[in-house]
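Listed below, chain by chain, are the residues.
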Amino acid sequence: TIMGLGLNGGGEACVKFFLKHGAYVTVTDMKTQEQLQKTIDSINADKDLDKTKLEYVLGQHRIEDFENADCVIKNPGVKIQGNKYLACAKAIESDMSIFLKFTKAPIIAVTGSKGKSSTVSAINYGLNKAGFTCYLGGNITVSPLTFLEKTSEDTPVVLELSSWQLADLRGRQLLKPKISIITKIVPDHQNWYSNMEDYVADKKLIYKDQTTSDYSIFDDDSDAEGTGPANGDTWGNQFSTESNATILRYSANHKLQNKFGVWQEKDENGQCIGKVLLPGMKQSETILKELSVPGEHMKINALNAALVMYLMKVPAEKIITILNSWQGIDHRLQYFHCYNTNNSTVKFYNDSCATVPEACSAASQAFGKPVILIAGGTDKGLSFEPLIETLTKDKNAIPVKSLYLLEGTGTDKFLPALKAAKLDYNGTYPNLKNLLLDLQKEIETVTNDEIVVFSPGATSFGMFQNEFHRGNTFMETVKEIFQNNN
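What counts as what
Residues numbered from 1 in each chain as written. Predicted model: local features only at pLDDT ≥ 70, side-chain atom pairs only at ≥ 80, totals over all residues. Heavy atoms only, no water. Helix = DSSP H or I, 4+ residues; strand = E, 2+ residues; numbered from the N terminus. Rg over C-alpha atoms; globule rule 2.2 N^0.38 Å. Areas by Shrake-Rupley, 256 points an atom, 1.4 Å probe, with all protein chains shown as cover. Lys, Arg positive; Asp, Glu negative; His and termini not counted. Charge placed at Lys NZ, Arg CZ, Asp CG, Glu CD. Pairing = 2+ DSSP bridges. Buried < 20%, exposed > 50% of the residue type's maximum accessible area, 1.4 Å probe, protein only. Arc of directions from axis to C-beta. Contact = heavy atoms within 4.5 Å. Core = buried A, V, L, I, M, F, W, Y, C linked by side-chain atoms within 4.5 Å. Axes fitted to C-alpha atoms, helices over the stretch in contact; angles between N-to-C directions. Left-handed = near helix turned anticlockwise from the far one by under 90°. Nonpolar A, V, L, I, M, F, W, Y, C, P; charged D, E, K, R; others polar. Salt bridge = Lys/Arg side-chain N within 4 Å of Asp/Glu carboxyl O. Phe/Tyr/Trp six-rings, centres within 6.5 Å; stacked < 30°, edge-to-face > 60°. Lys NZ or Arg CZ within 6 Å of the ring centre and 35° of its normal.

Novice: Is there a simple way to think about the overall build of the protein in this case?
Specialist: Looking only at helices and strands, the protein has 15 helices and 20 strands in total. Since a compact globule built from 486 residues should have a radius of gyration of about 23 Å, the 23 Å found for the protein is in line with a globular shape. Considering only C-alpha atoms, the protein reaches an extent of 65 × 60 × 50 Å along its principal axes. Put simply, the protein shows about 21,500 Å² of open surface, and 46% of that area lies on carbon and sulfur atoms. Taking the average place of the 50 positive charges on the side chains of the protein and the average place of its 57 negative ones, the gap between the two points comes to 3 Å.

The structure is reproduced here in structure tokens:
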């Protein structure tokens, strides 16, 4: 029984995998057939599958489908605790646990709150460009079951792992990555977890079964005020005392002291470069220079990717050249459209995967000039203070040129602070089309080149299916409204 067909490919990959290997498959989802038709059509189009062994139970769950199954494959977004259906299951697995049981590939695993998708994308891009046959899967919406049978001891696999996916692996001793990375930790999913400690406890599972022959890569910078461990230390320091692997650290703003890893510094021309120092090295080496993608936060993601490539024996000069050509990934400061008006150009960027306030704050500062910012959405139990600080309090922050807001419970949380600071905003809007039609009036009057960034800093439950649907809708609507005459 596959619990959760969904629209992002994970459930579909499970259906195809188990049918291909001869299983009788029951798919059950609380969504209706109409809501899931896109995924159902994709399965039906696969002529190699024996669909006589496939049954759909949609719009409901039935106890018997869980009691009678040899195994239940659970969607990561479903909690086991208190679930009466899963309580009846003889065995519970996920696509990730099935993959890890059978693959022989060396695993590079990445988790964290900010930057994990960009980091895994850069690693995968870099290793493939360097000559490896590398695969990417996990929370980035590609099920690893889609490439399981292509993997071997010689094909590194990069996995982006959410806290939920890690929680599903607790106690199974299946995840033993050769290299693990925890990107910046900030509050997230506090509508799911009761506190930060529980959230971080799931993140820690990424290094739980590593050994001294493996590498763990952790943050060496301070945590934002009020977001670190209760004892006043940093998450990076705490992780470093617990992992059995060889510890490497990363820093965006200082040279490492008596530690190994990577950091950023300025060269003689004032340009930002990335340095590495590993055990056994007498002096540091430059492994990262200029990037094509915008944003200070992207540099640390690329620097961690450069570190992984270096650990995989890719020469430093080759790393620099390869990562300079990396263009980033969809829905994360993704440049997708240019509109010409009044002898000016307006560039549009889609950052829909910015689902926490810190990510929206970073996007507003990513271009080194004021941007037209589109933000807002649904609250998921997070503090919006980091975004409020950037927009209204930080004198060193680049102010936004103008601000447009989607409606939602998250937007409602930071509106009072905007009003108190007398910061002008447009909205709130019930949909993107209305918002963009109003934005069009401003765009038609610009006389300088401008940048429009859609970086919600929240989810949009109810308005969109997920952040990917939100980003695709934004891009489609922008192209519809802002059409060039040429």
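Novice: Explain the environment of Asp394 here, please?
Specialist: Summarising the element assignment, Asp394 is placed in the loop between α12 (385-393) and β18 (402-406). Considering only alpha carbons, one finds Asp394 and Val452, 58 residues apart in sequence, at a separation of 21 Å.

Novice: Can you help me understand the sheet that holds strand β4 (residues 72-74) in this one?
Specialist: Two orientations exist for strands paired in a sheet by backbone hydrogen bonds: parallel and antiparallel. Pairing within the open sheet is parallel, and its five strands lie in the order β3-β2-β1-β4-β5. Every other strand in the sheet has two partners, leaving β3 (54-58) and β5 (92-93) as the edge strands with one partner each. Of the strand pairs in this sheet, strand β1 (residues 2-3) and β4 are connected by two bridges, and their pairing is parallel. What sits directly across from Ile2, in β4, is Ile73.

Novice: Is there a simple way to explain helix α13 (residues 409-420) in this structure?
Specialist: Helical geometry: 3.6 residues make up each α-helical turn, so side chains three or four residues apart lie on a common side. Here α13 has its buried residues at Gly410, Thr411, Phe414, Leu415 and Leu418. Take α13 and look down its axis: the buried residues cluster within an arc of 140°, on one side only. Seen from the open side of α13, the exposed residues pointing more than 90 degrees away from its buried face are Pro416, Lys419 and Ala420. Residues of α13 that are buried in the fold lie against α12, β18 and β19 (426-429). Downstream of α13 by one or two residues, Lys422 has phi in the positive range, about 55°.

Novice: How should I be thinking about the nonpolar core in this particular structure?
Specialist: One recurring pattern in soluble globular proteins is that nonpolar side chains are buried together. With 45 residues, the main nonpolar core has Phe99, Leu100 and Leu175 as its most contacted residues. Sorting elements by how many residues they give to this core places helix α1 (residues 10-20) first, with five residues. Dropping the residues within four chain positions of it, Leu100 is found in contact with Ile107, Leu159, Leu169, Leu174 and Leu175. Core analysis: the second largest hydrophobic core is formed by 40 residues, Ile123, Leu288, Met309 and Ala316 among them.

Novice: What is the right way to look at α12 in this model?
Specialist: Every buried residue belonging to α12 is among Leu387, Ile388, Thr390 and Leu391, and all of these are buried. The buried side chains of α12 occupy one side of the element, clustering within an arc of 165° when seen end-on. Contacts made by the buried residues of α12 are with α11 (357-364), β17 (372-375), β18 and α13.

Novice: Hey, could you run me through the packing of helix α9 (residues 296-311) against helix α10 (residues 316-324) in this one?
Specialist: Describing two packed helices takes the angle between their axes plus the distance from one axis to the other. At their nearest, the axes of α9 and α10 sit 10 Å apart, and the two run at 140° to each other. Here α9 runs over α10; the crossing is right-handed. For the pair α9 and α10, the contacting residues are Ala302, Ala305, Ala306, Met309 and Tyr310 in the first and Ala316, Ile319, Ile322 and Leu323 in the second. For the contact of α9 with α10, a count of residues per class yields nine nonpolar, no polar and no charged.

Novice: Sorry, what's going on with the pattern of salt bridges here?
Specialist: Pairs may arise between side chains of opposite charge once their charged atoms sit close together. Tallied over the full model, the rule gives 20 salt bridges. One salt bridge connects Glu149 with Lys20, and the closest N-O pair in it is separated by 3.5 Å. Of this pair, Glu149 sits in the loop between β7 (135-138) and β8 (157-160) while Lys20 sits in helix α1, and the two are 129 residues apart along the sequence. A residue is classified by how much of its surface remains accessible, and Lys20, at 57% relative accessible area, is exposed.

Novice: Is there a simple way to explain the side chain of Thr234 in this structure?
Specialist: With respect to the element layout, Thr234 can be found in the loop between β10 (215-219) and α8 (235-242). Classification of Thr234 as buried rests on a relative accessible area of 16%. Those residues in contact with Thr234 that lie beyond four places of it in its chain are Asp221, Ser222, Asp223, Pro229 and Arg249.

Novice: Just checking my understanding: could you explain the packing of aromatic side chains for this structure?
Specialist: Each aromatic ring pair is described using two quantities: the centre-to-centre distance and the angle formed by the ring planes. The final tally for this structure, using the stated rule, is 17 aromatic pairs. Judged by centre distance (5.4 Å) and plane angle (40°), the ring pair of Phe66 and Tyr85 falls under tilted. Linking Phe66 in helix α3 (residues 63-67) with Tyr85 in the loop between β4 and β5, this pair joins segments that are 19 residues apart in sequence. Across the pair, exposure class does not vary: Phe66 and Tyr85 are buried alike. For the ring pair Phe99 and Phe147, a centre distance of 5.7 Å and an interplane angle of 80° mean the geometry is edge-to-face. With a gap of 48 residues between them, Phe99 in helix α4 (residues 95-102) and Phe147 in the loop between β7 and β8 connect regions that are remote in the sequence. Relative accessible area serves as the criterion here: at 0%, Phe99 is assigned to the buried category. Exposure remark for Phe147: the relative accessible area of 5% places this residue in the buried category. Here the aromatic residues Phe336, Tyr339, Phe348, Phe454, Phe474 and Phe482 are joined through ring pairs into a cluster of three or more. Geometry around Tyr24 places Lys53 over its ring, the cationic atom sitting 5.1 Å from the centre. Here the basic side chain of Lys347 rests over the ring of Tyr335, its NZ or CZ set 5.7 Å away from the ring centre.

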